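# Structure at a glance
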Amino acid sequence: MEIRFSQEDEAFRREVADWLDANLSGEFAVVRGRGGPGDDAALIPERRAWEQHLGAAGWTCVGWPRQHGGRGLSFAQQMIFHEEYARAGGPGRLGHIGEGLIGPTLIKYGSDAQKQRFLPKILAGEELWCQGYSEPNAGSDLANVQTRAERVDGEWAIQGQKVWTSGAAWSDWCFVLCRTDPEARSKHRGISYLLVPMDQPEIEVRPILQLTGDSEFSEVFFNGARTAGKNIVGEVNQGWSVAMGTLAFERGASTLGQQMQFQNELDEIIELAQANGKARDPLIRQRIADAWIGLRLQRYNALRLLAVGENDELPREASIYKIFWATWHRELGKLAMDVLGPESEILEDRPYVLNRLQRMYLFTRADTIYAGSNEIQKNIISERGLGLPREPR
Ligand SMILES: Cc1cc2nc3c(=O)[nH]c(=O)nc-3n(C[C@H](O)[C@H](O)[C@H](O)COP(=O)(O)OP(=O)(O)OC[C@H]3O[C@@H](n4cnc5c(N)ncnc54)[C@H](O)[C@@H]3O)c2cc1C
């Protein structure tokens, strides 16, 4: 597939670039280039204000349909937006999970009342979301979720624990997979998809310290937490198909923006290699060229994925793309450390201050785990894509 930018697209590119240049200044100059991988917990109040500033100018949710408040941008224009956002040093988007995961899920599966209640707040950058899927015994085997929800006085009462919940410490809402029928014949049945407000004493968030020195994710304990009876997406006990719909968004269009971030990282590595002479090392040169080729392949893979569209059933392309970018990015982290050389082992400052490339390297260790590990993607490709026998269970 080839993507061509029309004159109209190029005019749009200038509009985006001008707006970002003019607005990532003054009070928002501080967020420029912050909040990327391994720096996710930085400057939360300032980045929250930035989300609202973006929202007020109509620059959130640019790919959502117009009828739901988005800009309804074409693929080409969405790419342009993300390219310019990365080029201008736009900060890591705190609203990513709302914009990329739960918003599209509500558009597809939510009731009209849910759309009216939640979408405008996501668009305005006023409510941040987190994803309550994984548990200590339900990661790859997600259908094993044990967090229970029961109807009590017309509300849902929730008891259990989630883990690795990105952004839980600063989110307003969480979409939580709960078991609502423990007697169901199959473990994929009997699960419901609930929308739960985070600001209540019955929810305890315990941040987890990560290798990067950051606490991007947390353990979340639900000790009889409540949400209104109407805050369920889809039917009671039928949450699995909604959950898979969200995963299709997670592994699909929402990753478009990160490629532009990868381009910035590769540019930084090339600049460093030229400055410190590593660019003359033939093996480093080959790895840089390979990284560049890999990035181009990702771009075409993403476009192919977008062209396939988003279905409840994850397309094969989503698994191919996830495994490819995650493995590529992990290798890029190693390349960055080899270009830094012995300096890669020295902290920027005490007690534990890392430079951008060190943080990036450490965070890339997680890429082949979250949103479905490499091993799980390989299972999906072999079973659903190639028709090989199912793994023994
Ligand atoms: C940075 C980061 C952010 C995250 N954010 C969130 C979040 O916001 N919300 C959320 O709900 N979760 C989040 N997660 C959790 C993530 O989805 C899980 O870590 C992931 O699904 C793997 O589950 P697990 O950690 O329980 O590992 P396990 O499922 O226990 O897997 C352990 C190892 O066994 C392998 N394995 C497991 N089953 C199989 C199999 N059938 N065949 C072959 N190999 C197998 C895995 O590939 C892995 O290598 C995040 C994780 C990370 C690292």
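Below is a summary of the structure that appears in this document. (Residues numbered from 1 in each chain as written. Predicted model: local features only at pLDDT ≥ 70, side-chain atom pairs only at ≥ 80, totals over all residues. Heavy atoms only, no water.)

### Let's talk about the site of the ligand
Around the ligand there are 19 residues in total, and S134, S140, W164, S373 and E375 lie nearest to it. In the model, an oxygen atom of the ligand is placed 2.6 Å from a nitrogen or oxygen of the S373 side chain. Surface burial for the ligand is 68%, taken as the share of its 960 Å² of free accessible area covered by protein chains. Across the shell around the ligand, the residue classes tally to 8 nonpolar, 8 polar and 3 charged. (Near = heavy atom within 4 Å. Polar contact = N/O pair within 3.5 Å; in protein donor to acceptor, adjacent residues only side chain to side chain. Areas by Shrake-Rupley, 256 points an atom, 1.4 Å probe, with all protein chains shown as cover. Nonpolar A, V, L, I, M, F, W, Y, C, P; charged D, E, K, R; others polar.)

### Remarks on the side chain of E216
Among the structural elements, E216 can be located in the loop between β6 (203-207) and β7 (217-228). For E216, which is buried and forms no salt bridge, the nearest opposite charge comes from R47, at a distance of 9.1 Å. Looking at E216, its side chain comes within polar contact range of the side chain of S166, at 2.7 Å. If we skip the residues at most four places from it in the chain, E216 touches D40, T165, S166, G167, W170, Q210 and F363. (Helix = DSSP H or I, 4+ residues; strand = E, 2+ residues; numbered from the N terminus. Buried < 20%, exposed > 50% of the residue type's maximum accessible area, 1.4 Å probe, protein only. Lys, Arg positive; Asp, Glu negative; His and termini not counted. Salt bridge = Lys/Arg side-chain N within 4 Å of Asp/Glu carboxyl O. Contact = heavy atoms within 4.5 Å.)

### Focus on unusual backbone geometry
Look at the link from R350 to P351: it is a cis peptide, with omega at -5°. Its location among the elements puts P351 in the loop between α9 (316-340) and α10 (356-364). One non-glycine residue with positive phi stands out, namely W164, at about 60°. Mapped onto the secondary structure, W164 falls in strand β3 (residues 155-166). Overall, W164 belongs to the partly exposed group, its relative accessible area being 48%. One non-glycine residue, A371, lies in the positive phi region at around 55°. Following the sequence through the fold, A371 ends up in the loop between α10 and α11 (374-385).

### Re α10
The α-helix winds at 3.6 residues per turn, so residues separated by three or four positions along the chain end up facing the same way. Among the 9 residues in α10, 7 count as buried, and that is most of the element. Every buried residue of α10 is listed here: L357, Q358, R359, M360, L362, F363 and T364. A distance of 3.1 Å separates the backbone nitrogen of L357 from a side-chain oxygen at the start of α10, and that oxygen is part of N355.

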